[in-house]
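# Chain and residue survey
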Amino acid sequence: KTTSIDEMLEEVADRFSFQLRQRHIHTVIDVQKGLDPVLIDRDKIDQVLDNLISNSIKYTGENGTIRLEAHKYDRDWIAVTVLDTGVGIPRKHISRIFDRFYRVDKARSRNVGGTGLGLSIAREIVKAHGGSISLESETNQGTKVTFTLPIHHKESEQA
Ligand code: ATP
Ligand code: MG
């Protein structure tokens, strides 16, 4: 069974709609038209998306924006992005951000919970799907996490 990226992103936003509304965070979903459905372990990719959006909610202030985007990347990949306008991550922490238990909260004013496992689990799940995950961030600007998922072309479409 394949998954429609569109529906998958709508459903993540729905799962967090209460928190998003409570914190007055604006959500934008932007999915390229005509994207191929993907063959994925939906529960696992939901776990990735839930962690990314919950991170964005934790570190984005009132009236911020979280964008969920997806577009085709090369011929064989779909890139899924979760982008926020939150506090960001200081540059020196970024290289370790996918390590197990790594958190940068000592440097934060807001005190929010977590174990520091979410991103390392996300990376394992994305890798198991053959994709990769990366994070870009700028202090006081926001954070952008992108992961890729392979498109499984039908036999007849293969060169
Ligand atoms: P868990 O996901 O296990 O509940 P966690 O959210 O602390 O705990 P990760 O999801 O692995 O762990 O994130 C690691 C750290 O990276 C976070 O503690 C936080 O300091 C930083 N971080 C992650 N996402 C963001 C974001 N969108 N904006 C700012 N900082 C972030
Ligand atoms: Mg997390």
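Placed above this text is the structure.
What you see is a predicted model, and the numbers here were worked out from it, not measured in a lab. (Residues numbered from 1 in each chain as written. Chains lettered and ligands numbered in written order. Predicted model: local features only at pLDDT ≥ 70, side-chain atom pairs only at ≥ 80, totals over all residues.)

### A word on the site of ligand 1
Near ligand 1 there are 21 residues, and of these Asn55, Tyr59, Gly114, Gly118 and Leu119 occur at the shortest range. Counting residues per element, the shell around ligand 1 draws most heavily on helix 3 (residues 42-58), at 3 residues. Grouping the constituent residues of the shell around ligand 1 by class yields 8 nonpolar, 10 polar and 3 charged. (Near = placed C-beta within 6 Å. Helix = DSSP H or I, 4+ residues; strand = E, 2+ residues; numbered from the N terminus. Nonpolar A, V, L, I, M, F, W, Y, C, P; charged D, E, K, R; others polar.)

### Some points on the pairing of strand 5 (residues 142-150)
Examined bridge by bridge, strand 3 (residues 77-84) and strand 5 share 8 bridges and lie antiparallel to one another. Across the sheet, Ile78 pairs through a bridge with Leu149, a residue of strand 5. In terms of strand pairing, strand 4 (residues 133-138) meets strand 5 through 6 bridges, oriented antiparallel. Across the sheet, Glu138 pairs through a bridge with Gly142, a residue of strand 5. What sits between the antiparallel neighbours strand 4 and strand 5 is a turn of 3 residues, in which Asn140 has the positive phi angle 65°. (Pairing = 2+ DSSP bridges.)

### Quick notes on helix 1 (residues 5-15)
Among the residues making up helix 1, those that are buried are Ile5, Met8, Leu9 and Val12. Here the buried residues of helix 1 occupy an arc of 95° about the axis, which is enough to place them on one side. Among the exposed residues of helix 1, those pointing more than 90 degrees away from its buried face are Glu7 and Asp14. The elements touched by buried residues of helix 1 are strand 1 (26-31), helix 3, strand 2 (65-73) and strand 3. (Buried ≥ 20, exposed ≤ 12 C-beta atoms within 10 Å, placed from the backbone. Arc of directions from axis to C-beta. Contact = placed C-beta atoms within 7 Å.)

### Focus: the environment of Leu39
With respect to the helices and strands, Leu39 occurs in the loop between strand 1 and helix 3. By C-beta crowding, Leu39 is classed as partly exposed, having 14 other C-beta atoms within 10 Å. Distance from Leu39 to Ala79, taken between C-alpha atoms, is 14 Å for residues 40 residues apart in sequence. Aside from chain neighbours lying at most four places away, what touches Leu39 is Thr2 and His152.

### Some details on unusual backbone geometry
Its identity is not glycine, yet Asn63 carries a phi of approximately 65°, on the positive side. Checked against the element boundaries, Asn63 lands in the loop between helix 3 and strand 2. Even without being a glycine, Asp74 presents a positive backbone phi close to 60°. Looking at the element boundaries, Asp74 is found in the loop between strand 2 and strand 3. The class of Asp74 is exposed, set by 9 C-beta atoms lying within 10 Å.

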